[in-house]
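Per-entry structural report
Chain by chain, the residues run as shown.
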Number of protein chains: 2
Amino acid sequence: MVPLICEGWAASVYILSDGSRQILSILLPGDLASTALLFGAQAGCSVEAITDVRYRTFAQADLKARLLNDADCFARFLRACIDETARADQLITDLGRRTAAERIARLILNLQSRLMQRGMAQPETMEMEFPLRHHHIADATGLSLVHVSKVLSEFRRSGIVKIGDRSLTILEPEALQRIALM
Amino acid sequence: MVPLICEGWAASVYILSDGSRQILSILLPGDLASTALLFGAQAGCSVEAITDVRYRTFAQADLKARLLNDADCFARFLRACIDETARADQLITDLGRRTAAERIARLILNLQSRLMQRGMAQPETMEMEFPLRHHHIADATGLSLVHVSKVLSEFRRSGIVKIGDRSLTILEPEALQRIALM
DNA sequence: CGGAAACTTGATCGAATTCAAATAAGGTGG
DNA sequence: CCACCTTATTTGAATTCGATCAAGTTTCCG
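Quick summary incoming for the structure in this document.

With respect to the pairing of strand E7 (residues 161-164) of chain B
Residues and elements named next belong to chain B.
- Two elements, E7 and strand E8 (residues 167-170), share 4 bridges in a ladder whose sense is antiparallel. Residue pairing in the sheet places Lys162 in a bridge with Thr169 of E8.
- Connecting the antiparallel pair E7 and E8 is a turn made up of 2 residues, with Asp165 showing a positive phi of about 55°.

Written out as C-alpha cells, the structure is:
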C-alpha cells in the first residue's frame, strides 16, 4: 500500500535501534510517500503524521499495472522519482558537508519553494504555514533539539525570519539564501 | 546519456561551490549511474572514475521506450530504483545520525555485500578489492581526510581489518558489524 | 634518485552535543 | 476562567567528536 498525501504534512522517518530518528523526507499534499520506494518496503522506515493528515492509498499491483499501460502516468511517475532522488541527493550533501545554520536555512527554503509550487505559500509576504516542531527540524537536519533552538533564535534575533503560531515568514530572503549557499 | 559501469569502480559526486565534495554513491560493475536520475541531469553532480573504468551509455529516449514496452525490463529497472533509493536513505541516516567509526564500518560492510552479490569478493577469506583512497572514504562519509586515517588506523590496530595493496580483508566480521550497528 | 601523492600522527580549535534548569505554551477537568 | 500538568522552547555550562593545522613518513613512479 502506497499512501498519497491529500491534506496536511507528514514525514517518512527512519528509526535507529538506539531510538534516534532521521527524517528522510517531509511529505506535503500531493506527495507519494517515498515514490517508488514503498514498492519494496524498507525495514525501520515508516510514515508519521506531523499535522492531521488526509490520505489515500494505492495497491502496489494496481499502480504497477497502470504505469505499464498509461504512458502519461508513467511519465509523471518518472518525474516524481527524479524529483525525489534529487532531493535525497541534496539532503545527503547537506548532512555530509554543511553546517547547522546552512542545513536549517536550506530546509526552510526548500519547504517554501515546494509550498509555493502548490500555491500554498504567499509569494508577496513570504509567509507560509509551518507546523514543524523543533524536534522535526532536528530529525530532518541531523542536529540536536537544543542546537536547532539556538540557530533558529539567532535567525530570529537577526531579523531573517519570524516564527509564530505554526507559521513562518521569511523577512530577509536574500540573507537566508546567502546562508543556504545554493 | 546514462552510463552503465561494465568494469572498474566509479562514484557519483556532488561538488559544492566551496570545493568540498560529497560522494552520493559508489558505482560498481553493473550499476547504472544514478538509476532514473540521469533522466533529468542534476546540476553540480557528476560521475568520476575511481579505477580505470569500462562503461556503455544508453540514450534516455531508448531507455524510456524500452521500459514501456518490455515488462521484464521495467521490473528490473524498478528494482534498481528501489535498491538505489534504499541505499540513499541509509546514507542519509548514516550522515545524519551516526558517528565516524559507524559510518566507515558501514561503508566497508556495504561494499563487501555488494561485491559479494556480484561474486567479486571471497566469501571465505573476507577479502575484497578496495581501490578507494582515504579522500574517497572521506567524501563518501562526510568526514575529513585526517579523521578517516585515524579511524582506519584504529580498526587496523585492533585487528578488525587488514588493508593493503588496494585490497581489504575483514578479519573480525562480528566486531565490524557490532560497530556498524545495523 | 628525486618528486609527488598518499598516509600518519600529534596538537589545537571549534561546532555541535549533552546535561541541567528555567520558562513558556497548550490542553484538561473542575 | 483558573489551577494543574504536560509538552515545547530557551538558555547557559561543560564536554566531545571531529575539523583544521602542521609536520613527518611512506609509497609510488618516472
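Details of the interface of chain A and chain B
- Counting residues at the interface gives 37 residues for chain A and 37 residues for chain B.
- At the boundary of chain A with chain B, total buried surface from both sides reaches about 3500 Å², with 67% on carbon and sulfur atoms.
- The partner of A:Arg97 in a salt bridge is B:Asp139, and the shortest N-O contact between them spans 2.9 Å.
- On inspection of chain A and its partner chain B, the count reaches 10 residue pairs in polar contact (both at pLDDT 80 or more).
- Contributions of two or more residues to the side of chain A that touches chain B are made by strand E3 (21-27), helix H1 (60-69), helix H2 (71-97) and helix H4 (134-141) of chain A.

Describing the side chain of A:Asp94
- Here A:Asp94 is to be found in helix H2.
- Apart from residues no more than four positions distant in its own chain, A:Asp94 is found in contact with A:Arg103 and A:Arg106.

A closer look at the sheet that holds E7(B)
Residues and elements named next belong to chain B.
- Judged by pairing direction, the sheet is antiparallel, and its 3 strands sit side by side in the order E6-E8-E7 without closing on themselves. Every interior strand has two partners, whereas the edge strands, strand E6 (127-129) and E7, have only one. Sheet twist, expressed as the mean angle between neighbouring strand axes with direction ignored, is 20°.
- The sheet contact formed by E6 and E8 spans 3 bridges and is antiparallel. Considered in E8, the bridge of Glu127 is made with Thr169.
- Those strands touched by helix H3 (residues 100-117) are E6 and E8, and its axis lies near 85° from that of E6.

Observations regarding H4(A)
- Across the 8 residues that make up H4(A), a large majority, 6, are buried.
- Within the sequence span of H4(A), burial applies to A:His136, A:Ile137, A:Ala138, A:Asp139, A:Ala140 and A:Thr141.
- Looking at the buried side of H4(A), the elements it contacts are E3, H2, helix H3 (100-117) and helix H5 (145-157) of chain A together with helix H2 (71-97) of chain B.
- Among the residues trailing H4(A), A:Gly142 stands out with phi positive, at a value near 70°.

Overview of the protein's contact with DNA strand C
- In the region of DNA strand C, 17 residues are neighbours, and A:Ala100, A:His147, B:Arg133, B:His134 and B:Arg156 sit closest.
- Contact between DNA strand C and A:Ser144: a phosphate oxygen at 2.9 Å from a side-chain N or O atom of the residue.
- Sorting the residues of the surface near DNA strand C by element identifies H5 of chain A together with helix H5 (145-157) of chain B as the ones contributing at least two each.
- With 6 residues, the top contributor of residues to the surface near DNA strand C is H5(B).

Observations concerning the packing of H3(B) against helix H4 (residues 134-141) of chain B
All names here are of chain B.
- In the contact formed by H3 and H4, the axes pass within 10 Å of each other and the chain directions differ by 110°. Relative to H4, H3 is oriented roughly perpendicular. The residues of H4 that touch H3, namely those facing Arg103, Ile104 and Leu107, are Ile137, Ala140 and Thr141.
- When its residues are assigned to classes, the contact of H3 with H4 shows 4 nonpolar, 1 polar and 1 charged.

The rules behind the values
Residues numbered from 1 in each chain as written. Chains lettered and ligands numbered in written order. Predicted model: local features only at pLDDT ≥ 70, side-chain atom pairs only at ≥ 80, totals over all residues. Heavy atoms only, no water. Pairing = 2+ DSSP bridges. Helix = DSSP H or I, 4+ residues; strand = E, 2+ residues; numbered from the N terminus. Contact = heavy atoms within 4.5 Å. Buried area = accessible area lost by both parts, 1.4 Å probe. Salt bridge = Lys/Arg side-chain N within 4 Å of Asp/Glu carboxyl O. Polar contact = N/O pair within 3.5 Å; in protein donor to acceptor, adjacent residues only side chain to side chain. Axes fitted to C-alpha atoms, helices over the stretch in contact; angles between N-to-C directions. Buried < 20%, exposed > 50% of the residue type's maximum accessible area, 1.4 Å probe, protein only. Near = heavy atom within 4 Å. Parallel < 35°, antiparallel > 145°, perpendicular 65-115°, else oblique. Nonpolar A, V, L, I, M, F, W, Y, C, P; charged D, E, K, R; others polar.

Read these as layout, nothing more, since geometry by itself doesn't imply function.
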